[in-house]
Amino acid sequence: LMGHEAVGTVESVGDGVKALKAGDKVAINGFSPCGYCVACRRGLSNACVNNLDRTIGNSDKLDGAFADYIWLPELEIMTAKMPDKLGFEEGALTEPLATSVHAVRISQFQVGDTVVVAGAGPIGLLAIQALKIGGAGRIIVSQSPGPRRELALQFGADAAVNPRDPDNPVGDQVKAITDGGADVIIECAGVPASFQQCIDMARPGGQVILVGVNEKETPVLPMGLMLGEIQLKGSLAWSHHDFQIAVDMLAAGKIETGPMLSDTIAMAHIEEQGFKRLKSDKSLIKLLVKP
């Protein structure tokens, strides 16, 4: 999805648009559910089976936001109005924050629970902050040593474990510092090894929420799920309500964003200073692109 995490200013609106006007600042919610598929009819608009064809940067009808202007066919559905006090830099994190908020909201998480966040990329770092706001009793980040782990601790993680320690499996690390495992594990790494590790970190009756995108075949021992009656649940993107919650949290200053914004680059330099840097420099979190 090219250019799908975006903010901007409304240039013009169609005759049927009532809630927005030219000059409004908006965070772009880049997909518009069809409203008629089986998922939409069951209230799962984020899982609309036609979403990919109705998403900016993925459809031949809807260009992504690496541009001066983009066209949104359903402006009021595909945006959330930003208050004037919310800057574009912070607002650009609305979409990843909404993804993290959605994962927390659809989980069985309750105030006081112990939660593991696996992976301290943008989604994981924002999930840690959402969990802290939500009243987690203890937040553990599963991340190898380095800048991302340090940032996770800065953002509110109470402890860190190393998923790459060959002599101490990460499931054993978590169980050693908890009462037999975590209540909820939010998988944000999206790598095959993390799947089984998350199951191993759960307490009996715990829950694993899969957020990270993993398109590879992944070995899993199903007996671990059965013996512990562990729940496994997928989390896809966000609902429109989650998206508005994310805007409100950012506008209220409840989410720390500065350390996540690694650099701002010009559109003309997006290949050399953007894509190639992200591929080679794993210390980068988010790069902002300005037209």
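Participant: Tell me about the sheet that holds strand β3 (residues 79-81), residues and numbers included.
Facilitator: Each strand in a sheet pairs with its neighbour through backbone hydrogen bonds, running either in the same direction (parallel) or in the opposite one (antiparallel). With antiparallel pairing, the three strands of this open sheet are ordered in space as β1-β2-β3. Of all strands in the sheet, those with a lone pairing partner are β1 (6-9) and β3, marking the two edges. With strand direction ignored, the average angle separating the axes of adjacent strands in the sheet is 30 degrees. Note: strand β2 (residues 25-28) against β3, three bridges, orientation antiparallel. Bridge pairing in β3 links Val26 to Lys81. Helix α9 (residues 240-251) contacts β2 and β3 of the sheet and is inclined by roughly 35 degrees relative to β3.

Participant: Hey, could you go over the packing of aromatic side chains for me, with residue numbers and the actual values?
Facilitator: Ring pairs (aromatic) are described by centroid distance and by the angle formed between their planes. On inspection of all chains with the given rule, the structure shows three aromatic pairs. Centroid distance Phe31 to Trp238: 5.3 Å. Interplanar angle 45 degrees. Geometry classified as tilted. Taken as a pair, Phe31 in the loop between β2 and α1 (38-41) and Trp238 in the loop between β9 (231-234) and α9 lie far apart in primary sequence, 207 residues in all. Each member of the pair, Phe31 together with Trp238, is buried. A connected cluster of aromatic rings, assembled from ring pairs, spans Phe31, Trp238 and Phe243. Taking the ring centre of Phe88 as reference, the NZ or CZ of Lys25 above it sits at 5.1 Å.

Participant: An account of a nonpolar patch on the surface is requested, with residue identities and associated values reported.
Facilitator: Together, Met2, Phe66 and Phe275 make up an exposed nonpolar region whose accessible area comes to about 270 Å². With respect to the element layout, Met2 can be found in the segment before β1. With a relative accessible area of 44%, Met2 lands in the partly exposed category.

Participant: Help me get a handle on the sheet that holds β9, residues and values and all.
Facilitator: Pairing is parallel in the open sheet, where six strands are placed in the order β6-β5-β4-β7-β8-β9. Of all strands in the sheet, those with a lone pairing partner are β6 (159-161) and β9, marking the two edges. Geometrically, the sheet is characterised by an average inter-axis angle of 20 degrees between neighbouring strands, direction not taken into account. Bridge analysis of strand β4 (residues 114-118) against strand β5 (residues 138-142) gives five bridges, and the strand direction is parallel. In the sheet register, Val116 faces β5, and the bridge partner there is Ile140. Packing of helix α7 (residues 192-201) onto the sheet brings it into contact with β4, β5, β7 (182-187), β8 (202-210) and β9, and relative to β8 it is tilted by some 145 degrees.

Participant: Please give an account of the nonpolar core that cites residues and values.
Facilitator: By size, the foremost hydrophobic cluster in this structure holds 47 residues, and its most contacted members are Leu97, Leu125, Ile128, Leu131 and Ile186. Listing elements by their share of this core, those giving two or more residues are α3 (94-106), β4, α4 (122-134), β5, α5 (147-155), β7 and α9. In contact with Ile128, not counting residues within four places along its chain, are Val117, Ile139, Val141, Ala152, Phe155, Gly156 and Ala157.

About the criteria used
- Along each chain, numbering runs from 1 in the same order as the chain's sequence is written.
- Totals for whole chains, interfaces and linings use all residues, but because this is a predicted model, local features are given only for residues with pLDDT of at least 70 and pairs of side-chain atoms are given and counted only at 80 or more.
- Side-chain numbers here rest on the full set of heavy atoms in the structure, without hydrogens or water.
- Two strands qualify as a pair provided that DSSP identifies no fewer than 2 bridges between them.
- Helix numbers and strand numbers start at the N terminus; a helix is a DSSP run of H or I with at least 4 residues, a strand a run of E with at least 2.
- All axes are obtained by fitting lines to C-alpha atoms, using only the stretch in contact for helices, and the reported angles, taken between N-to-C directions, cover 0 to 180 degrees.
- Residue contacts are counted whenever heavy atoms from the two residues lie within 4.5 Å of one another.
- Here is the rule: rings of Phe, Tyr and Trp (six-membered ring for Trp) pair when centre to centre is within 6.5 Å. Planes less than 30 degrees apart are stacked, more than 60 are edge-to-face, and the remainder are tilted.
- When a residue's accessible area, from a 1.4 Å probe over protein chains only, is under 20% of the maximum for its type it is buried; when over 50% it is exposed; and in between it is partly exposed.
- Distance and angle both matter: a charge sits over a ring if NZ of Lys or CZ of Arg is within 6 Å of the ring centre and within 35 degrees of the ring normal.
- The patch calculation keeps residues exceeding 30% relative accessible area without a salt bridge and links them within 9 Å when they carry like charges or within 5 Å when they are nonpolar (Val, Leu, Ile, Met, Phe, Trp, Tyr).
- Exposure was quantified through the Shrake-Rupley algorithm and a 1.4 Å probe, taking into account, for residues, occlusion by the shown protein chains and nothing else.
- We define a salt bridge as a contact between a side-chain nitrogen of Lys or Arg and a carboxyl oxygen of Asp or Glu at a distance within 4 Å.
- Residues grouped as a nonpolar core are buried Ala, Val, Leu, Ile, Met, Phe, Trp, Tyr and Cys residues, joined through side-chain atoms within 4.5 Å.

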